[in-house]
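Descriptive analysis of the structure
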Amino acid sequence: KVMDYLPIFIVFYFIAVGCRTLFQLKIMVYVLVAVALFIFLQGAIADHTHDVMSHYLVAEGRGEDLVYRYKGLGVLSDPNDLAEFFVTLIPMLWIRWKPGSYLSNFIFTILPAMILAVGMYFTHSRGGLIALVAILLFGLKNKLGYVLSAILAAGLFAGMLAMGASGGRGMDQDDGGRVAAWSTGLELFRAHPLIGIGIDQFPEHNETGHTAHNSYIL
C-alpha cells in the first residue's frame, strides 16, 4: 500500500521544491488548468456525439432520470472529484489578476474560470455546487460584505439548481445510503483509531460496497 501513496508524495515533493516563486506557481496553475480544459473538452465531445463508451462520460439513472456526468481518468474518474478539481482551480486563477489589465484579465482569468464553472455544472456534482457557492461567498465578502455576498451566493445556488446542476437530484437526497456509510465510518474509526483499516478498504466494510463520499470519514 505504500506504493499507492508514493506518487502523491513524489508530486508533493516536486511542487514544494519547484514552485517557490509566484511565477512558478502561476505556471503550475495554468498547467493544471490546461489539464482541466482538456478533460472538459473530451467530456463535451463525448456528450455531443453520444459516445456512451467514452472514459470521460458516465451515465447515471434510468429513463427520464438518466443523466450524463463528465468525469476524468485515474483519481478524477469520479464526477464529484472532477468537480472539486474544477472548483479548486477557479480561485487560483486570480493570482495573475492585474488591476487595469481588462483584456488579459478576461482572457486569462475570467474566461477560464467561466469554462471551469461550466465544466463543474456538467459533472452534476452537488458537492461541487456547494463548493462553488462557498468560493463566491468568501471571495466577495471583503469587497461586498457578508450580506450582499451571501445574497449573490444564494442566487447562484438557486439559479444553478433551477438549471439542473444537481442532475435532477435533491440536495437532501441520500444517494446510496451515504449517511449510513458515514455512520459505518465513524464506527470503524472508533474500533481502529490509530492505524485505521487500510487504504481503499472502506467499501469492504460498507454494506453497499461504496465509498463514503466524505474525505474526513475516509
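Above this text is the structure in question.
Summarised in this report is the structure supplied together with it. All of these numbers come straight from a predicted model, not from anything done at the bench. (Residues numbered from 1 in each chain as written. Predicted model: local features only at pLDDT ≥ 70, side-chain atom pairs only at ≥ 80, totals over all residues. Heavy atoms only, no water.)

1. Brief notes about the packing of aromatic side chains
Threshold: Aromatic rings from Phe, Tyr and Trp, taking only the six-membered ring of Trp, are treated as a pair when their centres fall within 6.5 Å; an angle between ring planes under 30 degrees marks them as stacked, one over 60 as edge-to-face, and anything in between as tilted. Strands here mean DSSP runs of E at least two residues long; helices mean DSSP runs of H or I at least four residues long; both are numbered from the N terminus.
Throughout the structure, instances matching the rule amount to 7 aromatic pairs. Between Y70 and F122, the ring centres sit 5.1 Å apart and the planes meet at 15 degrees, which makes this aromatic pair stacked. In this pair, Y70 sits in strand β2 (residues 67-70) while F122 sits in helix α4 (residues 102-123), placing the two residues 52 residues apart along the sequence.

2. Quick notes on the pattern of salt bridges
This is how it is decided: Here, a salt bridge means any Lys or Arg side-chain nitrogen found within 4 Å of an Asp or Glu carboxyl oxygen. Only protein chains enter the accessibility calculation, which uses a 1.4 Å probe; a residue whose area is less than 20% of its type maximum is buried, one above 50% is exposed, and one in between is partly exposed.
Within the structure shown, the criterion is met by 2 salt bridges. With a shortest N-O distance of 3.0 Å, R69 and E60 are connected by a salt bridge. E187 is the partner of R190 in a salt bridge, and the nearest nitrogen-oxygen pair spans 2.8 Å. Highlighted residues: R190 and E187, both in helix α6 (residues 178-191), separated by 3 residues, approximately one helical turn. Taking the relative accessible area as the measure of exposure, R190 reaches 63% and is therefore exposed.

3. With respect to the environment of G139
With respect to the helices and strands, G139 occurs in helix α5 (residues 126-162). Put simply, G139 and P112 are 27 residues apart on the chain and 17 Å apart in space, counted from C-alpha to C-alpha.

4. Section: the nonpolar core
The following threshold applies: Residues belong to one nonpolar core when they are buried, are Ala, Val, Leu, Ile, Met, Phe, Trp, Tyr or Cys, and are joined through side-chain atoms within 4.5 Å. In what follows, a contact means two residues having at least one pair of non-hydrogen atoms within 4.5 Å.
Within the largest apolar cluster, 30 residues are counted, with the highest numbers of intra-cluster contacts made by L82, F85, F86, L116, M120, L132 and M160. Mapped by element, the contributors of at least two residues to this core are α2 (22-48), α3 (79-92), α4 and α5. At 7 residues, α3 tops the list of elements feeding residues into this core. With residues near it in sequence (within four places) discarded, M120 still touches A83, F86, V87, S125, G128, L129, L132 and M160.

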